[in-house]
Amino acid sequence: MFSRWGLLLVLGLASWATAKSSTGDSVLVILEPKLDKDNFSIFFDGLREKGYDLTFRAPKDVEPAVIEYDSPQFSHVILFAPETKSFANDITPQSLVTLLEKKTNLLLVVSSKQTPLTSLAPEFSLVLPPPGTPLLSHFPERDTPATVIPVNVSPNPVVTSKLPPVWFSGIPFSLQNNPLLFPILSAPPESFAADSEGDSGAEAVVQVSEKGGEGLWAGSQMSLVAGFQALGGSRATWVGGVDLFSDEYAQKETKPGVKSGNKEFASAVAAWTFQESLALRIDRVTHHRVNQTEALQAYTTNDEIVFTAHISKFNSETSAWEPFSGIQDMQLEFTMLDPHIRTALPPVPGKAGEYSVTFRAPDRHGVFKFVINHKRKGWTHLESSTMVSLVPPRHDGYPRFLSAAWPYYIGAISTSLGFFIFSALWLAGDDRESKKSKGSKAE
Amino acid sequence: MTPKATSTAKPQQATAAPNALESLLKAYNETTSSRLKTVDAFLVFLMLSGIVQFLYCILVTNFPFNAFLAGFSSCVGQFVLTASLRSQVNPANRAEFKDVSPERAFADFAMGSIVLHFFVFNFLG
């Protein structure tokens, strides 16, 4: 009895200790020597409280390697090395891409200095400003330098709650037209990236803006924090300045008496990057004929088919996958090369996490697929493909004795009956005729 | 028999058209054996049945088309078989079908019809 309670206790503790992330709790923090770990204690302690297991390493250290024997050693990598020009051999732009392919999540920080990371950014459809051009803003009026800017957080999928402005200092990037990329924090409309940290280059900016703003790195189209959701499901977040995560900015007041939103913002960004928030998965899909329950390998053309998908969302508070019915715009495609049918796949009211649709199979036989391809910015991509064949009815599968065909049936039957009656008359008449002919012969 | 009757009727068309029809019917009734009359009655029935099915197909529905094809072709096929039976047993054509006795002709007709109906009912659906 005691042992059983003991076991339960151990299990309970184990589940308490598991990470809040849906993909694992080990985090490698690559921190350049210039940055002091203690300056980011609020951010790192926040991660530890959530249950993450942080390992620190300098960019030039060889141990611990990020990939060993072709398998990634950490679930998540934080790269706080914005000014490091040379890394150990195992950290290259290629190896970072490999990490993403192997489902490791990355939190990358860049600065206005030229580093290997700035050459990796274009691979993510990010365009960084030229080296040495940080973001400047003279509004609102404040006592900090022009490079330290309070940025309003506009609502987006990653940061849902209303936050006070966030202190930022670093570079903006412009986002190219890549559907996997989306902004998390946009630059203030009146900010711009310029050569100098003083105001000596301001005239050049004015001149450029008079020419219509061409070549000007300015405005709210710029992004300061951007999320990238790789096709394999892993996530990479690019941040324009490491100070966003610092203790100093987290405690700095944006208005007298109002603390900045940096702590909550950094926590939300990390939660998204580490697959805590907006993580979805398809548990299973089923399909069957209407009024049946068995999934068939082959359906007949024009069958009424019911397709059901079960979808869960990760809840970081309980570290568990929970049925999720909140997707309103999911679609199902029934595809043979092209989608022959594309229909809404709505949630079933009253059944958590269940999405179902009934549709009539096309009048076309071949090998079809049930395809779910749901990609929304910030959310895990949902992809599912189930193959079934669609066959024409069997020889005895067609409807018979149709009311419309009765004239034809009657025609055919009456012809046969007519044939029998005619034959009977002929044979009966044959006797009479032969008698007659015999009689005539006799005459 | 009939061609002869029409050819005789033609010259006196203007004066006695009803008479021509009457004389046609009369000649048909007198000169045709009862056996050939049976054949003719069956041919008329088949023709009417085929016309009705064709009109139904055009005016109402051609679905299911296989049923239409079966019903219509049973009429056409039976008509062809019966017409050939008629020409073979007609005493006027005896010279042409010297080798074919009326019994033989009827046996051919019956065999052909049974095969036709076999196909028709298979195709009817």
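The structure presented is a predicted model; accordingly, all values stated were derived computationally and were not measured.

With that settled, the discussion passes to helix H7 (residues 262-273) of chain A. Residues and elements named next belong to chain A. If you check H7, its first and last C-alpha atoms are 16 Å apart, about what 12 residues at 1.5 Å a residue would give, namely 16 Å. When you tally the buried positions in H7, you get 9 out of 12 residues, the bulk of the element. Listed as buried for H7 are Asn262, Phe265, Ala266, Ala268, Val269, Ala270, Ala271, Trp272 and Thr273. Positive backbone phi, at 60°, marks Gln275, one or two positions downstream of H7.

A few words on the environment of A:Phe228. Residue and element names in this part refer to chain A. Its place among the elements puts Phe228 in strand S14 (residues 222-229). Residues Phe228 and Leu126, 102 residues apart in the sequence, show an inter-C-alpha distance of 10.0 Å. If sequence neighbours within four positions are ignored, Phe228 has contacts with Phe124, Asn178, Leu180, Leu181, Ser234, Arg235, Ala236 and Trp272.

Moving on, we come to the domain arrangement of chain A. Residues and elements named next belong to chain A. By the assigned domains, chain A splits into domain 1 (9-273) and domain 2 (280-391). Centre-to-centre, using C-alpha coordinates, domain 1 lies 36 Å away from domain 2. Contacts between the two partners involve 16 residues from domain 1 and, on the opposite side, 12 residues from domain 2. Together, the buried faces of domain 1 and domain 2 total about 990 Å²; carbon and sulfur atoms form 52% of this surface.

Look at the UniProt record and you will see "transmembrane region" (unreviewed entry) annotated at residues 41-61 and 105-124 of chain B. The span residues 41-61 of chain B carries 90% helix and 0% strand; its end-to-end C-alpha distance comes to 29 Å.

Residue and element names in this part refer to chain B. Throughout the structure, instances matching the rule amount to 0 disulfides over all chains. Cysteine Cys57 is unpaired, with the sulfur of Cys75 as its nearest cysteine sulfur at 13 Å. What makes Cys57 buried here is its relative accessible area of 12%.

Residues and elements named next belong to chain A. In this structure, Phe43, Phe44, Ile78, Phe80, Phe245 and Phe265 are the most contacted members of the largest nonpolar core, which totals 44 residues. No other element matches the 6 residues that H7 contributes to this core. Contact partners of Phe43, with chain neighbours within four places excluded, come to Ile78, Phe80, Leu107, Phe245, Asp247, Ala266 and Ala270. Core analysis: the next-biggest nonpolar cluster, separate from the first, contains 30 residues, Val66, Leu79, Ala226 and Ala236 among them.

Time to look at the interface of chain A and chain B. Each partner contributes residues to the interface: chain A has 24 residues there, and chain B has 33 residues. Counting the surface lost from both chain A and chain B, the interface buries some 2,400 Å², and carbon and sulfur atoms represent 73% of this. Broken down by class, the residue content of the side of chain A that touches chain B amounts to 14 nonpolar, 6 polar and 4 charged.

Cut-offs and rules
- Residues numbered from 1 in each chain as written.
- Chains lettered and ligands numbered in written order.
- Predicted model: local features only at pLDDT ≥ 70, side-chain atom pairs only at ≥ 80, totals over all residues.
- Heavy atoms only, no water.
- Helix = DSSP H or I, 4+ residues; strand = E, 2+ residues; numbered from the N terminus.
- Expected span 1.5 Å × (residues − 1).
- Buried < 20%, exposed > 50% of the residue type's maximum accessible area, 1.4 Å probe, protein only.
- Contact = heavy atoms within 4.5 Å.
- Domains from an automatic or database assignment.
- Buried area = accessible area lost by both parts, 1.4 Å probe.
- UniProt positions renumbered as here; feature names shortened; annotations may be inferred.
- Disulfide = S-S within 2.5 Å.
- Core = buried A, V, L, I, M, F, W, Y, C linked by side-chain atoms within 4.5 Å.
- Nonpolar A, V, L, I, M, F, W, Y, C, P; charged D, E, K, R; others polar.

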